[in-house]
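Residues per chain are reported as follows:
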Protein chains: 2
Amino acid sequence: MTSNTERQLHLNLFIMSTGHHEASWRHPDARPEAATDFQYYRDLARTAERGKMDSVFIAAKYRLANTIENRVIPQLEAITLLSALAAATERIGLTGTASTTYNEPYTLARQFASLDHISGGRAGWNIVTSTGDATAHNFSRDRHPEHQERYDQGREFVEIAKRLWDGWAEDALVIDKASGVYANRSRILPADYEGRYFSVKGPLNLPRSPQTYPVLVQAGSSEEGRQFAAELAEVIFTAQSTMANSLAFCEDMRRRLKAFGRPSESLKLLPGFVPIIGDTEQDAKRKERELNELSVSAYGLRTMSDLLQIDLSLYPIDGLVPLKDLPDISEIRGLKSRFQLLTDLARRESLTIRELIIRTAGGRGHYTFAGTPSQIADELQRWLREGAADGFNLMPPLLPGGLDDFVDKVVPELQSRGIYRTEYTGRTLREHLGLPLPTGRQMAEVAPTARP
Amino acid sequence: MTSNTERQLHLNLFIMSTGHHEASWRHPDARPEAATDFQYYRDLARTAERGKMDSVFIAAKYRLANTIENRVIPQLEAITLLSALAAATERIGLTGTASTTYNEPYTLARQFASLDHISGGRAGWNIVTSTGDATAHNFSRDRHPEHQERYDQGREFVEIAKRLWDGWAEDALVIDKASGVYANRSRILPADYEGRYFSVKGPLNLPRSPQTYPVLVQAGSSEEGRQFAAELAEVIFTAQSTMANSLAFCEDMRRRLKAFGRPSESLKLLPGFVPIIGDTEQDAKRKERELNELSVSAYGLRTMSDLLQIDLSLYPIDGLVPLKDLPDISEIRGLKSRFQLLTDLARRESLTIRELIIRTAGGRGHYTFAGTPSQIADELQRWLREGAADGFNLMPPLLPGGLDDFVDKVVPELQSRGIYRTEYTGRTLREHLGLPLPTGRQMAEVAPTARP
């Protein structure tokens, strides 16, 4: 056992129906019919809890993907699913995606505050600004706003949510049966926010929740996304294809944090990690091949065409990725950093369309590693030690098997190295992550922030 | 035992923190500090399930009431709380309020579809249009829309939600691992709705849920509310102060249903009922007095002033209700039918302000009855037999005690009379209520509707 001062790894389970490999649902062990079955998700969350993970994470889309023909898309809605999981688990964090472009701050703040109450302080919010006009068309709008505008709106949204969550002072509830005074109205502050996108009076109709705010998570790695995260996120999910890239990303984020006057521990950097676990290295490689061979080429073409915003079916699949014909990154509305990652990869390694599809089928550009439990633990430890991660957003390619293997085989390896908890020591998600309780306007003066 | 053909009573538990009496939280048995405690609500729902009730019901407000100083207002948010209850119960329905004025159809449809999946078909939606400018100010709007406009918007909202819920045909999911076809895209119809208030393309990103739609509930009894319910609701909650009033209301609703070509069984009429249960009649009356004596007069004045939209503190509390000074009902934005009920009551019985406050403190104008379990069962049976109700929206004045007493003492009385189930026979809320599965556009042609 190593010393107690060893840096500790944080693990977040990114739950996605049958797994993160696009073809996972075709695997003999997959249960695609369980994609709307609560018991299925409950069992996954309980396994992650047995593995002492910090949190489970549920993504959210606000439209039906056009790859539905060849991929399991349906997944239970994040707010409802996490609330149900709160009643079925005890300690694990419950993080969900919600958009600042297509929600109302008052309603979303109520829902996350309520989830935090219900779960005893285990809520986390992955703040996204959503992608694509197809989403806008489900919300009575003609088009999706531009990148910068979305992030500006997102900033307003988060500021309002914080003012709502922080509106009830610790001593606002009097609850004096004898005098008939339930609350001290003067200790419940309104939000009183009038912005460019939202005007919200408040206050919230729910008292302060155990964590005050849910843990604030951000998952965009574009320039605007990074700046947004440095300003106000506490956890960042990021797609990094190599340790070197992740290290550069982490160093960039630490610089940005500093410019905002925030210590580096105040933002946990969790790159995505797609583990393929075998009893031997050969076994792991075989599993990886097996999944890749299940890929449906029509699906892969459609997905890659969406990401690169060009119709790749017009090009020979064994020809080089048509880099010159791609739109400029400034024209990409949505996943800008994913676009950058894919085009960099194709350029660096001179990939054909087919090769690019296969290379990213398993983890959509996230770091994929096939090996034994010990090799995987080595790899995670190496990233942690080098400062290329504070932990990982775990994306098993196949569920539930890939999670079971991780918890049963990799977690004990991590624990024996002294870099991962053997028991939960805290009750709240903030405690699991080593994040402080927010010090809002009811507790202290708001810290001045700087735009670097 | 009576015959099996006896009409069956439906019971819905309206959960409200410490109970429906405004002063319940001051009672020695009340636990006002549990208003944000999930275990408290879980225990209430499980007790209602032990009592074989059709559903629990959670209301929702989108603002903090200004009576917070003297009353327990905080309650967990409806969507999150019902989702958590889905994981903690087996059979009971889960009905929640959500506004068509302050939500997005796509998001709300996803959340109710997800709740229906998670609970195995137990979701119900109480459709409201919300009240007051104070709500509008939490949603970036200057003022709350007028009554007619809200209901028009509500109609659009419900139509869109139905199109989203009904978009996935029964055979849309192919799930053929061998061929790699997950879904038949041509069997997933978009909503394709362009209206005056909303434009929603769809389709929903969740397959058809067990009930297709949540049970549609309506709770406004104004002219517009009644018409809305007759057109599209399946359950109506209503405040009726006497059996005669309720009978007139039910007859009116049956006439309206007929005009829409709907059979009378297609809408279940559930008046609110506030039972005060004693071992003797004297005991029940004592309990009623005990609660009324806990009322805070400042609170009662403020609540009644809000409902009548006049500042009653400017009038002598022991003087008659100043009927001549009240606004015309056409100026009331919000609870029009409650305004009507209160002014009718004050006029009919020449009540002073104090008397009106005390008369409505226990159930806000809903029918309140103090008696023994047998007397209460008699009363419920009488309303059922006379056609003044299909069942009741049960509003215990004090929780959890008032619910425990009802389940332990009144339910057996109802069961022995053969008018209430002794076991659940169905799995879904529709089955509990005897409502059919919706026949939407994917199953049959939409039935033509008429506006009478």
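All values derive from a computational prediction rather than experimental measurement.

Draft legend 1. Layout of the interface of chain A and chain B. Taken together, the contact pairs 70 residues of chain A with 69 residues of chain B. Contact with chain B buries surface across chain A, with L64(A), K177(A) and Y182(A) losing the most and accounting together for 12% of the total. The interface formed by chain A and chain B contains zero salt bridges. One can count 34 residue pairs in polar contact (both at pLDDT 80 or more) joining chain A with chain B. Going through the elements one at a time, α2 (78-88), α3 (105-119), β5 (173-176), β6 (181-183) and β8 (199-200) of chain A are the ones with two or more residues in the side of chain A that touches chain B. Residue composition of the side of chain A that touches chain B, by class: 38 nonpolar, 19 polar and 13 charged.

Draft legend 2. Region of interest: the confidence of the model for chain A. Averaged over all residues, the pLDDT of chain A is 92; the fraction at 70 or higher stands at 95%. A low-confidence stretch, residues 444-452 of chain A (pLDDT under 50), is modelled with ten contacts involving residues beyond four sequence positions or located in other chains.

Draft legend 3. Broad picture of the relation of the copies chain A and chain B. For the pair chain A and chain B, the superposition axis carries a translation of 0.0 Å, the fit reaches an RMSD of 0.0 Å, and the rotation angle comes to 180°. Taken together, the rotation and translation describe the operation of a two-fold axis. Looking at the rotation axis and the C-alpha trace of chain A, the residue lying nearest is A84(A), at 2.0 Å. Taken together, the interface assignments show that 99% of the residues at the interface of chain A recur at the interface of chain B, consistent with an identical surface on both copies.

Draft legend 4. Examining the nonpolar core more closely. Among the nonpolar cores identified, the biggest contains 184 residues, and M53(A), W125(A), F406(A), M53(B), W125(B) and F406(B) are the most heavily contacted of them. In this structure, F406(B) is in contact with L11(B), M53(B), P275(B), I277(B), I376(B), L380(B), L394(B), V411(B) and L414(B), ignoring residues within four places of it in sequence. L341(B), L351(B), I353(B) and I357(B) belong to the second largest nonpolar core, which has 19 residues in total.

Draft legend 5. Summary view of helix α12 (residues 373-386) of chain A. Residues and elements named next belong to chain A. The end-to-end C-alpha distance of α12 is 20 Å, a good match for the 20 Å that 14 residues give at a rise of 1.5 Å each. Along α12, the residues classified as buried are P373, I376, A377, E379, L380, Q381, W383 and L384. Structurally, α12 contributes buried residues whose contacts are with α7 (243-259), β11 (268-277), β12 (367-371), β13 (391-394) and α13 (401-416). Of the residues trailing α12, G387 is marked for its positive phi of about 80°.

Quick notes on the rules
- Residues numbered from 1 in each chain as written.
- Chains lettered and ligands numbered in written order.
- Predicted model: local features only at pLDDT ≥ 70, side-chain atom pairs only at ≥ 80, totals over all residues.
- Heavy atoms only, no water.
- Contact = heavy atoms within 4.5 Å.
- Buried area = accessible area lost by both parts, 1.4 Å probe.
- Salt bridge = Lys/Arg side-chain N within 4 Å of Asp/Glu carboxyl O.
- Polar contact = N/O pair within 3.5 Å; in protein donor to acceptor, adjacent residues only side chain to side chain.
- Helix = DSSP H or I, 4+ residues; strand = E, 2+ residues; numbered from the N terminus.
- Nonpolar A, V, L, I, M, F, W, Y, C, P; charged D, E, K, R; others polar.
- pLDDT = per-residue confidence, 0-100.
- Least-squares fit on C-alpha atoms with pLDDT ≥ 70 in both.
- Core = buried A, V, L, I, M, F, W, Y, C linked by side-chain atoms within 4.5 Å.
- Buried < 20%, exposed > 50% of the residue type's maximum accessible area, 1.4 Å probe, protein only.
- Expected span 1.5 Å × (residues − 1).

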